[in-house]
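Chain by chain, the residues:
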Amino acid sequence: MKNLDSKSHVRGESVYLDDIPVVEGTLYACVFDSPVAHGKLRSVNTDEAASAPGVVRVITANDLIGENQIGGILPDEPLLANGEVHFCGMPIAVVLAESDEQARAAASLVKAEIEPLEAIVDAREAFAKGSLIAAPKRFKLGDTEKAFESCAHVFEGKTRSGGQEHLYIETQGAYTLPSETGGLRVFSSTQGPTAVQKAVASVTGIPMNLIEVDVTRLGGGFGGKEDQANAWAAICAVSTQLTKRPVKYSLHRMEDMRMTGKRHPYSSDYRIGLDADLRIVAYDVVFYQNAGASCDLSLPVLERTLFHCTNSYFIPNVSAVAYSCKTNLPPNTAFRGFGGPQGMFVIESAIAHAADALGVDRDEIQRRNLLSSGDELPYGQIVESEAREAWSQADSVYDFATLKKEADEFNKTGGHLKKGVAMMPICFGISFTKTPMNQARSLVHVYTDGSVAVSTGAVEMGQGVNTKIAQVAASVFGISIEKVKVHTTNTLRIANTSPTAASAAADLNGKATQIACEKILERLNEVAAELELESWPPVGTGSGGDRQIGPPEGETPNWVELVNEAHLRRVNLSEHAHYATPGVGFDWSVAKGHPFAYHVFGTAIVGATVDCLRGTYEFDYVKCCHDFGQSMNSAVDRGQIEGGIVQGIGWMTIEEVVYDSEGRLRSNALSTYKIPDVYSVPDEIAIEALETTRPNLAVFNSKAVGEPPLMYGIGAYFAIREAVKAFDKENLPAFDAPFTAEKVLMNLHRS
Amino acid sequence: MTDYNERPDSEELSDDERAILSELGESRRKFLGTVSATTFGVLAAQLLAEQEILANYRVPEDAVFAPVAEENAVSVTLNINGTKRALSLDSRVTLLDALREKLGLTGSKKGCDHGQCGSCTVIVDGRRVLSCLTLAATCEGKTVTTIEGLAKGDDLHPMQEAFIKYDGFQCGYCTPGQICSAVAMLDEAKRGQLSYLSENIRGKARAVKLSDDEIRERMSGNLCRCGAYPNIVKAIREVHTGTEVAETWEFVKEGVNDAAV
């Protein structure tokens, strides 16, 4: 089943925010943002900007009618700076003009008098100065202190992992229009329509029922438009409220990079203890997360770092502490994996450290410690594990020993090229860790011509969620997918949505759609029974997914007759259904619970070739065995694996976010920040589906696939590291990601 | 109470007033056109109330309004997707902005506006250009093909077909640029244009058969953040060679055909 947007994508007809036709009279916004990372905002002079050609109004914090607050989790994020600036790129004033060019030109005329204060850009420095977003979070399993005493081997060290710019090719943006009785219609490029609605309500003082947020699709999100879309919608909303005119703001790439947060950089300390059989007995880890200037989503990201701090391994004694450190950088935010990758990088580094010191292969330690079903995770959930199955199936298909031997043979031949091979198992929990967010609603209408309209809270951003939802409806109704249309995500049709995040949108919204369709179908079948007809759908249809959706030829006259008959009998052909994931919950007072509906497992093997004269590298292959459950859309799911791997490799290798000591972003454009291009892709990506039959809570048993594959990319770091070690055995590179070519070269030739 | 239905004698108006009325009448007309097209009826009602006072200054049917004054205006005629379009543009307007803002051709995307991402790629006189780095005024008399001009009605261009067949996209935002770039790139190869990877750089130009590495080299200016690159390469290879590309990363056990899961 192809992505339903395929045809409009290749014709250039898919509509994104910047493509919405503007209404005559639309004003264009441009932000004047702080050039200083931390300081007292003494005054803002907007006179010159206000008298520039085309300028209609300049807005500062004092003009807001509602609260100057858009923080979703903690109320610590003013929309416009007032009294103080907290990061370079913090919005101070909004210029509104008749054209985009005029707004941008005038924004540069705003003058702010800022008395600089000391800026903190490093997480450990913030920690030392007591600058924290909130109290630290802790996980504890067993007794590490006692366990370390019994360990045959104990190793400790530090790791660092860098930030990552989302670089959705469609930048952030919003377009607001005034509506009746003081309401607002908001088009936003957001993963969280409800988050936008709340932020708009906060800054305008308009109740949520008068704020319509509508999202057709995004040109990429990756977490960057989960909470960080709020500011731009709020800015447009306030502007519309004050001018009574439509207002549009589509950020320029450099504005977007400068003003929005990224993946959290982490600095961590680990201590790992193993017994004589290489079993990990104890693990002690402290995470220092660089949160930026306000909370944004830093706390739930921090929590997921803890949830995934032991990755795919069973460790009986764990002590994990995580600090969210407040710095003077743009508020860092969600990014595919949501803190999980940062946690996994540390345990993988600790294992590599132990392997180096003990002279054993890294994968030997990995393999011996994989989770088994029934093991307790550090947060108390008893795992239903496929970790060992994924590892052994990957090994049997790809043959790790042979791949490693081939690399060894190659390395013996000398020359300046060296190969490295690394295994990377993953375990990723599916569900929002904040339990109340695990709910969704779907609105389904069946029309008298037999066509079906579905609306949910899920936002389409290339991950194919709308295609999967349409498959669910077509499958339950036993009709062809051409009869189903999944409409825009709109807060008037679906209220109180969770953001499209945590890989969970297809599960939550798909299940809600399934329930809605089943209820309508039940009513249709009552009609069929009254008519003494066989029940719908006919045998052999509606089994779900790729396998079979609806009668093969797509024409379903009986369906239309049944629907019409039901309508004539005044049977309700619409349903608004609610789904809440059963059985999940977590108690932070004891840091124990069952937060995840299920886990996704997998094992990848990554092969790299390093040019030891230049420090450059290529990836020969990424071969993985991945736990799809039973994929309902192989094309979409394979695309997610491929894209996740490429993005994970990018994070670990070439993507380097650089702020200078004064908190200014130096990697501020595509010329200075490198994302994977067509060359960065491994020569071969092989995907093997793990054969599982265990029932799970995924929609149609098709497990979530958005985030987990990103973490296969961590293997790329260790594959390069193995190649560097092959060049010089004594050389043990520090655990400092990303492993840029520059860093590789420095590591290869340190004198 | 003033009767606004009565049209004032134009002699009673000063030049300035006439200019203002003319402008208001024009903007209202444009506004109404947009509103009816986009069904923002409520908004219309609000703004109309404000404009009611002017509503009955009837505009002559045959009135011709100058477009909103352009700075540095130049006249440019472009042949876009087979149609001649005459435009009056600020000489500094890029081809991308002209396409998107003046001609309603929003298929070409603005990803960076700095020529770094490739999303705005269009084809000018048979060559791919970054429309964000091309001034519209320099395209006078030239033939411009955008993503909207590749298909012939319902018949997709082979490159469009191939992108669908191999899932050469996820979010779709870079796709118009990728496809325009790929179409023109294959023509470059036919013309024998060389690349960094070309082995034979001497002699007469002749059609080049592209390896996957050559395709990658020649497509390296088009970024895809979703990471659909392997599928993009496959799509281009099929159009280039005319033969189907075997999947190299199918579910291993299920072989080449996209079998049901």
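This one's a predicted model, so the numbers in the text were calculated from it and none came from an experiment.

Q: Please give an account of the sheet that holds strand β9 (residues 173–179) of chain A that cites residues and values.
A: For sheets, the rule is that strands pair by backbone hydrogen bonds, running either parallel or antiparallel. Residue and element names in this part refer to chain A. An order of β3-β5-β1-β12-β9-β10-β11-β20 is seen for the eight strands of this open sheet, with the pairing classed as mixed. This sheet does not close on itself; its edge strands, each paired only once, are β3 (55–60) and β20 (489–490). Two elements, strand β10 (residues 183–188) and strand β11 (residues 211–215), share four bridges in a ladder whose sense is parallel. Within the sheet, the bridge partner assigned to Leu184 lies in β11 and is Ile211. Across the face of the sheet, helix α3 (residues 100–107) comes into contact with β1 (27–33), β3, β5 (91–97) and β12 (247–250) while running at roughly 20 degrees to β1. The sheet strands contacting helix α6 (residues 193–204) are β10, β11 and β20, and the helix crosses β11 at an angle near 145 degrees.

Q: With reference to specific residues and values, describe the interface of chain A and chain B.
A: Reports of interface size often rely on the accessible area that becomes lost once the parts have come together. Taken together, the 75 residues of chain A in the interface contact 68 residues of chain B. With both sides pooled, the region where chain A packs onto chain B buries about 5900 Å², and carbon together with sulfur makes up 59% of that total. If you sort the residues of chain A by the area they bury against chain B, Val10, Ile169 and Val678 of chain A come out on top, with a joint share of 13%. Inspection of the chain A/chain B interface yields five salt bridges. For the side of chain A that touches chain B, the elements supplying multiple residues, two or more each, are α1 (6–11), β9, β10, α8 (253–259), α12 (387–398), α17 (634–652) and β26 (684–689) of chain A. Ranked by residue count, the leading element in the side of chain A that touches chain B is α17 of chain A, at nine residues.

Q: Before we move on, can you summarise the pattern of salt bridges with the specific residues and values?
A: In this structure the tally under the stated criterion is 61 salt bridges over all chains. A salt bridge links Arg124 of chain A to Asp269 of chain A; its shortest N-O distance comes to 2.8 Å. Pair noted here: Arg124 of chain A is in helix α4 (residues 123–128) and Asp269 of chain A is in strand β13 (residues 266–274), with a separation of 145 residues, a long-range link. Looking at Arg124 of chain A, the relative accessible area reads 22%, which means it is partly exposed. The shortest N-O distance in the salt bridge between Arg664 of chain A and Asp660 of chain A comes to 3.0 Å. Using a relative accessible area of 15% as the deciding quantity, one classes Asp660 of chain A as buried. If you follow the salt bridges from partner to partner, you end up with Asp18, Asp19 and Lys248 of chain A together with Arg100 and Lys109 of chain B in one network.

Q: How would you explain a nonpolar patch on the surface if you had to name every residue and give the values?
A: On the surface, Tyr679 of chain A together with Tyr196 and Leu197 of chain B cluster together into a nonpolar patch covering about 360 Å² of accessible area. A residue is classified by how much of its surface remains accessible, and Leu197 of chain B, at 33% relative accessible area, is partly exposed.

Q: Give a detailed account of the state of the cysteines, specifying residues and quantitative values.
A: Taken as a whole and assessed by the stated rule, the structure comprises zero disulfides over all chains. Cys427 of chain A provides the cysteine sulfur closest to Cys309 of chain A, a residue in no disulfide bond, and the two sulfurs are 11 Å apart. As a non-bridged cysteine, Cys112 of chain B has Cys117 of chain B as the owner of its nearest cysteine sulfur, 3.8 Å distant. Residue classification places Cys112 of chain B among the buried residues on the basis of a relative accessible area of 3%.

Q: I'd like a rundown of the sheet that holds strand β4 (residues 84–85) of chain A, residues and numbers included.
A: All names here are of chain A. In spatial order, the strands read β4-β2-β6; together these three strands make up an open sheet with antiparallel pairing. On the outer flanks of this sheet lie β4 and β6 (111–116), each paired with one strand and no other. Pairing between strand β2 (residues 39–45) and β6: six bridges, direction antiparallel. Paired with Leu41 across the bridge in β6 is Ile114.

Q: Which residues make up empty space enclosed by the protein, and what are the values?
A: All names here are of chain A. All chains considered together, the criterion is met by nine cavities of 30 Å³ or more. Taken as a whole, the largest cavity spans an internal volume of roughly 440 Å³. Around the largest cavity, the lining comprises 32 residues; the ones closest to its centre are Met461, Gln463, Ser503, Gln640 and Gly706. Of all the secondary-structure elements, those providing two or more residues to the lining of the largest cavity are α14 (465–477) and α15 (505–530). Looking at the lining of the largest cavity, the element that brings in the most residues is α15, giving three residues. Looking at the lining of the largest cavity residue by residue, the class counts come to 15 nonpolar, 11 polar and six charged. By volume, the second largest cavity is sized at about 190 Å³. Lining of the second largest cavity is provided by 17 residues; of these, Ile70, Glu77, Gln228, Ala231 and Pro331 occupy positions nearest its centre. Of the residues in the lining of the second largest cavity, the class split is 10 nonpolar, four polar and three charged.

Q: Please give an account of unusual backbone geometry that cites residues and values.
A: Glycine aside, residues mostly have negative phi, and peptide bonds are mostly found in the trans state. Residues and elements named next belong to chain A. Cis geometry marks the peptide bond from Trp536 to Pro537, where omega comes out at -5 degrees. Among the structural elements, Pro537 can be located in the loop between α15 and α16 (557–568). Cis geometry marks the peptide bond from Ala737 to Pro738; its omega dihedral reads 5 degrees. Looking at the element boundaries, Pro738 is found in the loop between β27 (735–736) and α19 (741–748). In this structure, Phe338 is a non-glycine residue whose phi angle is positive, near 55 degrees.

Q: Can you break down the packing of helix α5 (residues 175–191) of chain B against helix α6 (residues 212–219) of chain B residue by residue, with the values?
A: Residues and elements named next belong to chain B. Between α5 and α6, whose axes approach to 10 Å, the crossing angle comes to 120 degrees. For the element pair α5 / α6, the angle class is oblique. Considering the relative orientation of α5 and α6, their crossing is right-handed. Residues Gln178, Ser181, Ala182, Met185, Glu188 and Ala189 of α5 lie in contact with α6, whose contacting residues are Ile215, Arg218 and Met219. Taken together, the residues that form the contact of α5 with α6 break down as five nonpolar, two polar and two charged.

Q: Go over the environment of Phe314 of chain A, please, and point to the residues and values.
A: Residues and elements named next belong to chain A. Summarising the element assignment, Phe314 is placed in the loop between α9 (298–307) and β15 (317–326). Judged by its relative accessible area of 28%, Phe314 is partly exposed. Spatially, the C-alpha atom of Phe314 lies 33 Å from that of Gly261, the residues being 53 residues apart in sequence. Beyond its immediate stretch of four places on either side in the chain, Phe314 contacts Ile280, Asn369, Leu370, Leu371, Asp375 and Glu376.

Q: Describe the domain arrangement of chain A, naming the residues involved and giving the relevant values.
A: All names here are of chain A. If you check the domain split of chain A, you get domain 1 (6–117 + 166–259), domain 2 (266–433 + 589–748) and domain 3 (439–580). Once you take the C-alpha centre of each, domain 2 and domain 3 turn out to be 38 Å apart. With 22 residues of domain 2 at the contact, the number on the domain 3 side is 25 residues. In total, domain 2 and domain 3 occlude about 1700 Å² of area from one another, counting both sides; carbon and sulfur atoms represent 57% of this.

Q: Report on the packing of aromatic side chains, specifying residues and quantitative values.
A: Residues and elements named next belong to chain A. Using the criterion set out here, one finds 26 aromatic pairs over all chains in the structure. Arranged with centres 5.1 Å apart and planes meeting at 90 degrees, the rings of Phe345 and Tyr717 form a pair that is edge-to-face. You can see Phe345 sitting in helix α10 (residues 340–358) and its partner Tyr717 sitting in helix α18 (residues 714–727), a full 372 residues away along the chain. Judged on exposure class, the residue Phe345 and its partner Tyr717 are both buried. Put simply, the rings of Phe139, Phe307, Tyr379, Phe586, Trp588 and Phe596 touch in pairs and so form one group of aromatic residues. Across from the ring centre of Phe410, 4.7 Å away, lies the NZ or CZ of Lys419, which sits over that ring.

Q: I'd like to hear about the environment of Gly650 of chain A, residue by residue, with values.
A: All names here are of chain A. Tracing the sequence through the fold places Gly650 in helix α17. The spatial distance from the C-alpha of Gly650 to the C-alpha of Ile675 is 6.3 Å, given a sequence separation of 25 residues. In contact with Gly650, not counting residues within four places along its chain, are Gln164, Glu655 and Pro676.

Conventions used here
- Residues numbered from 1 in each chain as written.
- Chains lettered and ligands numbered in written order.
- Predicted model: local features only at pLDDT ≥ 70, side-chain atom pairs only at ≥ 80, totals over all residues.
- Heavy atoms only, no water.
- Pairing = 2+ DSSP bridges.
- Helix = DSSP H or I, 4+ residues; strand = E, 2+ residues; numbered from the N terminus.
- Contact = heavy atoms within 4.5 Å.
- Axes fitted to C-alpha atoms, helices over the stretch in contact; angles between N-to-C directions.
- Buried area = accessible area lost by both parts, 1.4 Å probe.
- Salt bridge = Lys/Arg side-chain N within 4 Å of Asp/Glu carboxyl O.
- Buried < 20%, exposed > 50% of the residue type's maximum accessible area, 1.4 Å probe, protein only.
- Patch = residues over 30% accessible without salt bridge, like charges linked within 9 Å, V, L, I, M, F, W, Y side chains within 5 Å.
- Areas by Shrake-Rupley, 256 points an atom, 1.4 Å probe, with all protein chains shown as cover.
- Disulfide = S-S within 2.5 Å.
- 1 Å grid on protein atoms, 1.4 Å probe; cavity = no way out; pocket = protein on both sides within 12 Å on 5 of 7 lines; lining within 4 Å.
- Points joined across faces, edges and corners; volume = space filled by probe spheres on them.
- Nonpolar A, V, L, I, M, F, W, Y, C, P; charged D, E, K, R; others polar.
- Parallel < 35°, antiparallel > 145°, perpendicular 65-115°, else oblique.
- Left-handed = near helix turned anticlockwise from the far one by under 90°.
- Domains from an automatic or database assignment.
- Phe/Tyr/Trp six-rings, centres within 6.5 Å; stacked < 30°, edge-to-face > 60°.
- Lys NZ or Arg CZ within 6 Å of the ring centre and 35° of its normal.

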